[in-house]
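Listed below are the residues making up each chain.
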Amino acid sequence: PDKCGIDKLPQNEYNNIKHVVAVMSGKGGVGKSSVSALLAVSLANQGYKVGILDADITGPSIPKMFGVSGLPEQGDNIMYAKETDKGIKIMSLNLLLENEDMPVIWRGPVIAGAVKQFWTDVAWGDIDYLVVDLPPGTGDVPLTVLQSLPLDGVIIVTSPQDLANMVVRKAVNMVKYMNIPVLGFVENMSYLNCPDCGKEIQVFGKSHADSLANTMGLRLLEKLPIDPALSELSDNGQIEKYGRELFKGLDDIINTQVTS
Ligand code: ADP
């Protein structure tokens, strides 16, 4: 049981999931889903078996980024995660909606229940790393995931716009309060390379990454530029083709957390 006396959900008979990592942000639009996707792609490229549990239920963009659609296969009380070209397994509410343009008009507890079912009622199979894309902020669903899934750690995504803000600190403190390791943070949209001269332009002002690293004692995992190629590939369902090598060594960081 965690600090609040809540037990972690057990794995079902279909699953052998070794590590679970959640990706969180203080607010929306900082690139949390993109980072979740890139993290999964990077781990898959390193030879690991990877899944993405899309818990960002009111803004589920993961299937679209990977060009995955259509109803998942179903068995007796179980649903099979869908696979991308690279073999990354995905489950998302967007795969279950008849019309992906329709909003999910559910209250917090119902949404939180659906996210739990993505753990209990989905056949993921053998997974080395399950990446959980959380909704932005510190609401109901992040709380449910932090409480009920056996997380190895959380990665925080920030952008220079919101680093000065207290929302990132709130997210970090929530994770720490739940006794879950913060593996580090990613500063997204950190800068833009001028297409003509290559110079780095700090579009949103000076990076606050160093000060966040120092004041909160967090490890900076990656600093990602604003990259039109990334948003284009995402929009076309081809994020797996993004060439930049990211998150090298994260597997070691996670394993150190687990054994320490
Ligand atoms: P969040 O999950 O935090 O709401 P998303 O990952 O959905 O954010 O990103 C929001 C939008 O910004 C998407 O259209 C995405 O393609 C784009 N985006 C995110 N990160 C970058 C980046 N580094 N460069 C260019 N576009 C980006």
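Everything below is about the structure printed above this text.
Here we take up the site of the ligand. In the region of the ligand, 14 residues are neighbours, and Gly 31, Lys 32, Ser 33, Ser 34 and Asp 227 sit closest. With respect to the ligand, the backbone of Gly 29 contributes an N or O atom lying 2.9 Å from an oxygen atom. In this structure, an oxygen atom belonging to the ligand sits 3.1 Å away from a main-chain N or O atom of Val 30. Calculation on the ligand without its partners gives an accessible area of 560 Å², and the protein chains cover 78% of this total. Elements with a contribution of two residues or more to the shell around the ligand: helix H1 (32-45) and helix H8 (228-235). Of the residues forming the shell around the ligand, the biggest block, 3 residues, is contributed by H1.

Moving on, we get to the pairing of strand S10 (residues 182-187). Extensive coverage of S10 is indicated by the burial of 6 of its 6 residues. Strand direction decides the pairing type here: strand S9 (residues 153-158) and S10, joined by 5 bridges, are parallel. Bridging across to S10, Ile 155 finds its partner in Gly 184. Here S10 pairs with strand S13 (residues 220-223) via 3 bridges, running parallel. Looking across to S13, one finds that Glu 187 is bridged to Lys 223.

Thresholds, definitions, all that
Residues numbered from 1 in each chain as written. Predicted model: local features only at pLDDT ≥ 70, side-chain atom pairs only at ≥ 80, totals over all residues. Heavy atoms only, no water. Near = heavy atom within 4 Å. Polar contact = N/O pair within 3.5 Å; in protein donor to acceptor, adjacent residues only side chain to side chain. Areas by Shrake-Rupley, 256 points an atom, 1.4 Å probe, with all protein chains shown as cover. Helix = DSSP H or I, 4+ residues; strand = E, 2+ residues; numbered from the N terminus. Buried < 20%, exposed > 50% of the residue type's maximum accessible area, 1.4 Å probe, protein only. Pairing = 2+ DSSP bridges.

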